[in-house]
Amino acid sequence: MSFKRYPSKVLQPLKEYLQAEEEELTKQLAELESGDPYNEPGRISDNEAGDDSYENNEHDKITALKKQIIKSLEEIKRTLQRIDDGSYGFCRRCGKMINTDRLAIRPTAELCIDCERQLEKK
Ligand SMILES: [Zn+2]
């Protein structure tokens with residue numbers, strides 16, 4: 001019971017969903033790169049920090065968004081790997097099965113609710 005693998009009929013659609021998500025996020029990331037005013041070809045490279053608050057704000061916003069997307073992409077990549085090696089759905093910390101309701105909401109969850117709570121307390 002404790003080492004039951006998820007059947008492929010459950011994992012296959014999940015895998016496809018994650019792969020589509022991965023593609024979408026990669027696209028978003030590329031769009032953000034090109035929308036960053038710091039990367040604009042016409043930008044004067046020697047303007048000092050604080051010269052142009054609009055550019056700086058935009059740049060900070062984009063940097064924060066990019067970080068978020070990169071984090072999600074990493075989660076997706078790890079989840080895809082876990083699907084392939086058969087450890088998907090089991091807590092990375094204690095090895096127990098992760099609640100399926102939890103996985104339905106957050107398919108990239110790597111910890112069971114107990115472990116996540118314990119880690120949050122730290
Ligand atoms: Zn756990």
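Everything discussed here concerns the structure shown above.
The notes below deal with the structure included here.

Each value, and the rule that gives it
- Residues numbered from 1 in each chain as written.
- Predicted model: local features only at pLDDT ≥ 70, side-chain atom pairs only at ≥ 80, totals over all residues.
- Heavy atoms only, no water.
- Helix = DSSP H or I, 4+ residues; strand = E, 2+ residues; numbered from the N terminus.
- Buried < 20%, exposed > 50% of the residue type's maximum accessible area, 1.4 Å probe, protein only.
- Contact = heavy atoms within 4.5 Å.
- Areas by Shrake-Rupley, 256 points an atom, 1.4 Å probe, with all protein chains shown as cover.
- 1 Å grid on protein atoms, 1.4 Å probe; cavity = no way out; pocket = protein on both sides within 12 Å on 5 of 7 lines; lining within 4 Å.
- Points joined across faces, edges and corners; volume = space filled by probe spheres on them.
- Nonpolar A, V, L, I, M, F, W, Y, C, P; charged D, E, K, R; others polar.
- Donors = N, O, S within 2.8 Å, 3.2 Å for Na, K, Ca; no water.
- Tetrahedral: all angles 85-135°; square planar, octahedral: opposite > 155°, others 65-115°.
- Expected span 1.5 Å × (residues − 1).
- Salt bridge = Lys/Arg side-chain N within 4 Å of Asp/Glu carboxyl O.

We now examine the overall build of the chain. Summing up its helical and strand segments, the chain has four helices and zero strands in all. Scanning the chain from its N terminus toward the C terminus, one meets helices and strands in the order α-α-α-α. For the chain, the residues scored as buried account for 31% of the 122 residues in total. Counting only contacts in the chain whose residues sit at least 6 apart along the sequence, the fraction spanning at least 24 positions is 54%. Total accessible area on the chain stands at roughly 8700 Å², and carbon and sulfur atoms take up 51% of it.

So, about the layout of surface pockets. The calculated volume of the largest pocket comes to roughly 150 Å³. If you trace the largest pocket, you find it lined by Lys-71, Glu-74, Glu-75, Arg-78, Arg-92, Arg-106, Thr-108, Glu-110, Leu-111 and Glu-116. Here the element with the most residues in the lining of the largest pocket is helix 2 (residues 53-85); it accounts for four residues. Partitioning the lining of the largest pocket into residue classes produces one nonpolar, one polar and eight charged.

Coordination of the zinc ion by the protein comes from Cys-91 (SG), Cys-94 (SG), Cys-112 (SG) and Cys-115 (SG), over a distance range of 2.3 Å. Coordination at the zinc ion comes from four donor atoms whose angles at the metal span 104 to 115°, giving a geometry best classed as tetrahedral. Every donor residue of the zinc ion comes from the same chain, spaced as C-x2-C-x17-C-x2-C. One end of the pair, Cys-91, is in the loop between helix 2 and helix 3 (100-105); the other, Cys-115, is in helix 4 (residues 113-121), with 24 residues separating them in the sequence. Take Cys-91 and Cys-115: they sit in the same class, and that class is buried.

Our next topic: helix 1 (residues 8-35). If you check helix 1, its first and last C-alpha atoms are 40 Å apart, about what 28 residues at 1.5 Å a residue would give, namely 40 Å. Among all positions of helix 1, only Leu-11, Leu-14, Leu-18, Glu-22, Leu-25, Leu-29 and Leu-32 are buried. At its buried positions, helix 1 is contacted by helix 2.

Scanning all chains against the criterion turns up eight salt bridges. With a shortest N-O distance of 4.0 Å, Glu-24 and Lys-27 are connected by a salt bridge. Of this pair, Glu-24 and Lys-27 both sit in helix 1, three residues apart, which is roughly one turn of the helix. Glu-24 gets classed as partly exposed once you look at its relative accessible area, which sits at 37%.

Along the chain, Thr-63 turns up in helix 2. Sequence spacing of Thr-63 and Glu-33 is 30 residues, and the spatial spacing of their C-alpha atoms is 9.1 Å.

Note that all results are geometric; they support no functional claim without further evidence.
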